[in-house]
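Breakdown of the fold
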There are 2 protein chains.
Amino acid sequence: MPLVDLDRFDFLYANRVRGMKTAATRDLMATLSRPGIISLAGGFPDTRAFGEEAFREISGSVAADAAQALQYGPTAGLESIKDVIVEVMAAEGTQASQEEVFTTTGAQQGLDLVAKTFLDEGDGILCEGPTYAGALNAFAAYRPRVMHVPMDRAGMIPAAAREALEKARRGGIPVKFVYTVPNFQNPAGVTMVAERRRELLEIAREFDLVIVEDNPYGMLRFEGEPLPTLSALEQEDGDVDRVVYLGTFSKIFAPGVRLGWVRAQPGILHKINIGKQGADLCSSNLSQMLIASFFENADWRAYVKRLTGIYRERRDAMLDALAEFMPKEVHWTHPQGGLFVWATLPSYLDATAMLPRAIAKNVAYVPGEGFYAGGNGKNCMRLNFSFVEPEKIRRGIELLAEVVRERMELRSDLERGSQRGSRSQAGPRSTGVASGTDKG
Amino acid sequence: MPLVDLDRFDFLYANRVRGMKTAATRDLMATLSRPGIISLAGGFPDTRAFGEEAFREISGSVAADAAQALQYGPTAGLESIKDVIVEVMAAEGTQASQEEVFTTTGAQQGLDLVAKTFLDEGDGILCEGPTYAGALNAFAAYRPRVMHVPMDRAGMIPAAAREALEKARRGGIPVKFVYTVPNFQNPAGVTMVAERRRELLEIAREFDLVIVEDNPYGMLRFEGEPLPTLSALEQEDGDVDRVVYLGTFSKIFAPGVRLGWVRAQPGILHKINIGKQGADLCSSNLSQMLIASFFENADWRAYVKRLTGIYRERRDAMLDALAEFMPKEVHWTHPQGGLFVWATLPSYLDATAMLPRAIAKNVAYVPGEGFYAGGNGKNCMRLNFSFVEPEKIRRGIELLAEVVRERMELRSDLERGSQRGSRSQAGPRSTGVASGTDKG
């Protein structure tokens, strides 16, 4: 098909599609499944851990109710899965009732439905910087202004959040919600400390906003004490129900069944219900029944513990390899759980431009700029440790370090060349070079 | 929870949620599963036909690949399911290649993604009148102007479509697409004849629009010759690829796995791909692999034939019962396939107001007004014949006829009362009474 045909109906597209981009990870998917490549790019849990036998058991247990499993279900989900959701939330210390939980087609759909419920074009939202790229994709369809709030190793910085909200207020931008991944954040691997959770709630009260708490990784903790969810802290305070909590079975069971949930107050859930009817009518009964069967009959806590053990070993392998192989100008986070490490290269390096070279050397990562709405994060990368075995992680980081070093040397050579020549080829980026050229 | 809390965050909601309503069928779902009730309301295929044994076989066949079934998959779907989609489309006479098909979480998601791709607020779209309520729900999130084009027993009336488009053009409303369910339409049960399909394509060319062809029921034909899809007719003409075709496994396999597809040209699919990433990342690998296993290994055509036989018998039972029990002022369509009959009551009857009485008598239907964006269809109802056994359908229609008759008599009594009294209690509706009072 000639390329000219691709835009035949360009004049008919909605304005919103101009602001929407594909996620780098999704585009790379074909490349990343190439044999031989060590992919630190995906956000894949290790579904091999579940096992054929366990799968046979749960699918067998559903067979007797095949007619129901194959049928349409209620918009909000089956009673049985809502019971499971209530139990899982309780295990993380958050009280919820059946009426307050709502089944979604993955937490990703929760993000879409929350955005559909709250966002008019031009509305403001606060997100961590960097933030989950899939959330930016979901939100982009509703054309909000995304304001990134910087993080440090203790999570989103409350003073910066307050400042952004005050600036928006002065600018007349109605801010609808603050979006946060408080535990082992995607992509940064950072966890928001308890004190900051309380501060964030305080800020939300002050500005009368909703908080969207996206917590896919909370149970995948390798060390340290679990922290209360924002949802639980709000209950403790007896505050009005302003936290919209998003959960998922993708990380504690499996993503292939596409099942997550929203916990929110009934008024918000009512709007989300209407949105879901238009989006996909209902989530898969089959998925709901398989999950319910597993959580009711098997020791799901033991399974999560096993996963956590696997991921901890891989996190350790990644941190060790980073320390061993990376040039000292490279920095990275030390996640206490979850799936991701966030690495920051010298500011003059462009992780997007570097990716093809890395792939040619058989290692892949996600460049950082996809995790910002604006164009920041160019010298950063997200590294996943949940899917690849420890020895491969080690080899992958070794290869990646070679690519980084190569780029730093190239930069260093160019720098020397430009010092000899009449014009700098480095352009405006050269200000950031000083801290990077002492190695290479 | 006190009711006042329900709207605590009303001031934060997006404008779009004000224009979105819940589908009557979804709201009724709990009531309709009450034991003893004969529900002619749902749009449920009969999933009991599939059988526990067949379910065990396909889930067993997937177990060996459990790790993949439980994992995230590509946005557009697995290769294996795309092969199946190509095969199913070919069986309906439509050529498609792997690159032109895109997996969705039910055809409902296809509707959402198409709307997301094309609709800015205030854009025009043409829909049949009545049209699929779920499509109206999906579209409503993007706030279009819905223009209903009337149908007769040969489908959407082309002259009326042309007139609506000319009116929109004069009014400066950019019309993006025509939405049609050409076969055994939901809710009307009407099929668009071949000549009109060609005319509709001609009109779309003339106004340079997209046609969204939603074809969930095409294979469920009870009698007569299959008609070419609009997509196939367009290929025959060698025309530019302006038909966006929506298919689903819900009616030829099962809805509980939530899997459908879009077939469109690559430019449009690219936009849809971006939209899907934000909406739910990807559809369930498990669902895709179960379906692929069934379509590759079992005789799926024989299964569809069996379903068609079951539904034909039930359609016959419904048409016979309508003829036997309904007052002669009630009219209905005679579908050659699909799941639905559309009945029209005397114009002074309100099917929405009548529903609680019908449910009290243990029969349910969907009132007609949900199938119009505007408020038409009040005296109409959609009757489903695919889910309930023939004898129950007969009993359900008998009960329903009693309710209709009761209402007609009530009207007749009121009419006589008002003729005796000094003022008409019937109000402005009394003009339509003449044709209804000779019975009852």
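Quantities reported herein were computed from a predicted structural model and do not represent experimental measurements.

1. Some details on the sheet that holds strand S5 (residues 155–156) of chain B
All names here are of chain B.
- An order of S2-S9-S8-S7-S6-S3-S4-S5 is seen for the eight strands of this open sheet, with the pairing classed as mixed. Every interior strand has two partners, whereas the edge strands, strand S2 (101–104) and S5, have only one.
- Where S2 lies against strand S9 (residues 260–263), four bridges are found, and the strand directions are antiparallel. Within S9, the residue paired with threonine 103 across the bridge is tryptophan 261.
- Here helix H5 (residues 106–118) sits on the sheet in contact with S2, strand S6 (175–180), strand S7 (210–214), strand S8 (243–248) and S9, set at roughly 155° to S8.

2. Notes on the sheet that holds strand S8 (residues 243–248) of chain A
Residues and elements named next belong to chain A.
- Read from one edge of the open sheet, eight strands run S2-S9-S8-S7-S6-S3-S4-S5, paired in mixed fashion. On the outer flanks of this sheet lie strand S2 (101–104) and strand S5 (155–156), each paired with one strand and no other.
- Alignment of strand S3 (residues 124–129) against strand S6 (residues 175–180), held across four bridges, turns out to be parallel. Bridging across to S6, cysteine 127 finds its partner in tyrosine 179.

3. Remarks on the pairing of S8(A)
Residue and element names in this part refer to chain A.
- Of all six residues that make up S8, six are buried, and the element is covered over most of its length.
- With burial as the criterion, each face of S8 is covered, one bearing Val243, Tyr245 and Gly247 and the other bearing Val244, Leu246 and Thr248.
- With four bridges joining them, strand S7 (residues 210–214) and S8 adopt parallel strand pairing. Bridge pairing links aspartate 214 to leucine 246 in S8.
- Note that the unit made of S7, helix H9 (residues 230–237) and S8 has a crossover that is right-handed.

4. Side note on the domain arrangement of chain A
Residues and elements named next belong to chain A.
- Looking at the assigned domains, one finds that chain A contains domain 1 (3–49 + 303–414) and domain 2 (65–297).
- For domain 1 and domain 2, the distance between their C-alpha centroids amounts to 24 Å.
- Each side of the interface is counted separately: domain 1 has 32 residues, and domain 2 has 32 residues.
- Between domain 1 and domain 2, roughly 2,700 Å² of surface is buried when both sides are summed, and carbon and sulfur atoms account for 65% of that area.
- For the pair domain 1 and domain 2, the number of links is one salt bridge.
- Across the pair glutamate 223 and arginine 315 runs a salt bridge, and its minimum N-O distance is 2.9 Å.
- Here domain 1 and domain 2 share 10 residue pairs in polar contact (both at pLDDT 80 or more) between them.
- Counted by class, the side of domain 1 that touches domain 2 contains 16 nonpolar, 11 polar and five charged residues.

5. Some words on the packing of helix H2 (residues 52–63) of chain A against helix H2 (residues 52–63) of chain B
- Close contact between H2(A) and H2(B) brings their axes to 10 Å; oriented N to C, the two are set at 165°. The angle between H2(A) and H2(B) places the two elements in the roughly antiparallel class. Every pair of crossing elements has a handedness; the one defined by H2(A) and H2(B) is right-handed. In this structure, H2(A) uses Glu52(A), Phe55(A), Arg56(A), Ser59(A), Gly60(A), Val62(A) and Ala63(A) to contact H2(B), whose residues at the interface are Glu52(B), Phe55(B), Arg56(B), Ser59(B), Gly60(B), Val62(B) and Ala63(B).

6. Looking at the interface of chain B and chain A
- Taken residue by residue, the interface counts 94 residues in chain B and 94 residues in chain A.
- Summing the contributions of chain B and of chain A, the shared interface buries around 7,800 Å²; its carbon and sulfur component is 61%.
- Summed over the shared surface of chain B and chain A, the result is four salt bridges.
- Measuring nitrogen to oxygen at the nearest pair gives 3.6 Å for the salt bridge that ties Asp112(B) to Lys116(A).
- One can count 40 residue pairs in polar contact (both at pLDDT 80 or more) joining chain B with chain A.
- Broken down by secondary-structure element, the contributors of at least two residues to the side of chain B that touches chain A are helix H1 (24–32), H2, helix H3 (66–69), H5, helix H6 (133–140), S6, helix H10 (266–280) and helix H11 (285–297) of chain B.
- Take the side of chain B that touches chain A: its biggest share by element is 11 residues, from H10(B).
- Counted by class, the side of chain B that touches chain A contains 48 nonpolar, 26 polar and 20 charged residues.

Reading the values: rules and limits
Residues numbered from 1 in each chain as written. Chains lettered and ligands numbered in written order. Predicted model: local features only at pLDDT ≥ 70, side-chain atom pairs only at ≥ 80, totals over all residues. Heavy atoms only, no water. Pairing = 2+ DSSP bridges. Helix = DSSP H or I, 4+ residues; strand = E, 2+ residues; numbered from the N terminus. Contact = heavy atoms within 4.5 Å. Axes fitted to C-alpha atoms, helices over the stretch in contact; angles between N-to-C directions. Buried < 20%, exposed > 50% of the residue type's maximum accessible area, 1.4 Å probe, protein only. Right-handed = clockwise from strand over helix to strand, strands pointing away. Domains from an automatic or database assignment. Buried area = accessible area lost by both parts, 1.4 Å probe. Salt bridge = Lys/Arg side-chain N within 4 Å of Asp/Glu carboxyl O. Polar contact = N/O pair within 3.5 Å; in protein donor to acceptor, adjacent residues only side chain to side chain. Nonpolar A, V, L, I, M, F, W, Y, C, P; charged D, E, K, R; others polar. Parallel < 35°, antiparallel > 145°, perpendicular 65-115°, else oblique. Left-handed = near helix turned anticlockwise from the far one by under 90°.

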